[in-house]
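Spelled out from the first residue to the last, the chains are:
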Amino acid sequence: MQIDNLTIENVLPADIERRSFEIITKELAEKGLAVDPRYEHIVKRCIHTSADFEYAESLYFSEGVEAAIGQALRDGCYIITDTKMAQSGINKTRLEKYGTEVLCYISDPEVAEAAKARGLTRSYISMEKALQLGKPVIFAVGNAPTALLSIIRLHEETGFTPVAVIGVPVGFVNVEASKELLIASGLPCIVNRGRKGGSNIAACIVNAIQYRL
């Protein structure tokens, strides 16, 4: 079937994802976008999630970060997200086998009360809960730059160092600066530079890594 030079492909439901990645691979080559083979699976999944090829150029990976995340997932760590959407988007079936849990404190009454009392966002306060967990932590932040600022402050003031920070908040206010501060902090991280990102991107990065375990 065709309309206005667009063709409807006859693709079985089970083959849609495979076909999508074939198209992504083809168009990356056509656009002349070279992707580091070490991170190709992550970059392609971000493009698959967003249909935005800019991720081929804007994603930053600190040295060894993917291996560290993969090992922590296998060892049974905690993943803390800044939104329920990111928490929901992470595939938990495989992670549960390793004892890894995905947590989000954004709706925690204690977090809401502390945020109001201190004049800070709930996202900022919810990151502090990581100090109470007693296990390695991966942060997956797709919405709130204040969450990244909280993680950086925790590191500077307490020495707390997460396994990694996936820092891909989307938006306009403090988004770009918070990402650059995260990179400059030296914390292990995956960051999408610029304004783009989102909870779906944070989740898909976690999924891209766990699917390779």
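Keep in mind it's a predicted model, so treat the numbers as computed, not measured.

Participant: Mind laying out unusual backbone geometry, listing which residues take part and the relevant values?
Facilitator: In this structure, Ala51 takes a positive phi of about 60° despite not being glycine. Residue class for Ala51 comes out exposed when judged on its relative accessible area of 65%. Here the phi dihedral of Asn174 falls at roughly 65°; this positive angle occurs in a residue that is not glycine. If you trace the backbone, Asn174 turns up in the loop between β7 (164-167) and α10 (175-185).

Participant: Which residues make up the sheet that holds strand β4 (residues 78-81), and what values go with them?
Facilitator: If you trace the six strands from one edge of the open sheet to the other, you get β3-β8-β7-β6-β4-β5, paired in mixed fashion. Of all the strands in the sheet, the pair left with one neighbour each is β3 (59-61) and β5 (101-104). Across this sheet, the average inter-strand angle for adjacent strands is 15°, counted without regard to direction. Across four bridges, β4 lies against β5 in parallel orientation. By the bridge assignment, Tyr78 is partnered in β5 with Glu101. Packed onto the sheet, helix α9 (residues 145-158) meets β6 (137-141) and β7 and runs at close to 150° relative to β6.

What counts and how
- Residues numbered from 1 in each chain as written.
- Predicted model: local features only at pLDDT ≥ 70, side-chain atom pairs only at ≥ 80, totals over all residues.
- Heavy atoms only, no water.
- Buried < 20%, exposed > 50% of the residue type's maximum accessible area, 1.4 Å probe, protein only.
- Helix = DSSP H or I, 4+ residues; strand = E, 2+ residues; numbered from the N terminus.
- Pairing = 2+ DSSP bridges.
- Axes fitted to C-alpha atoms, helices over the stretch in contact; angles between N-to-C directions.
- Contact = heavy atoms within 4.5 Å.

Read these as spatial facts, not as claims about activity.
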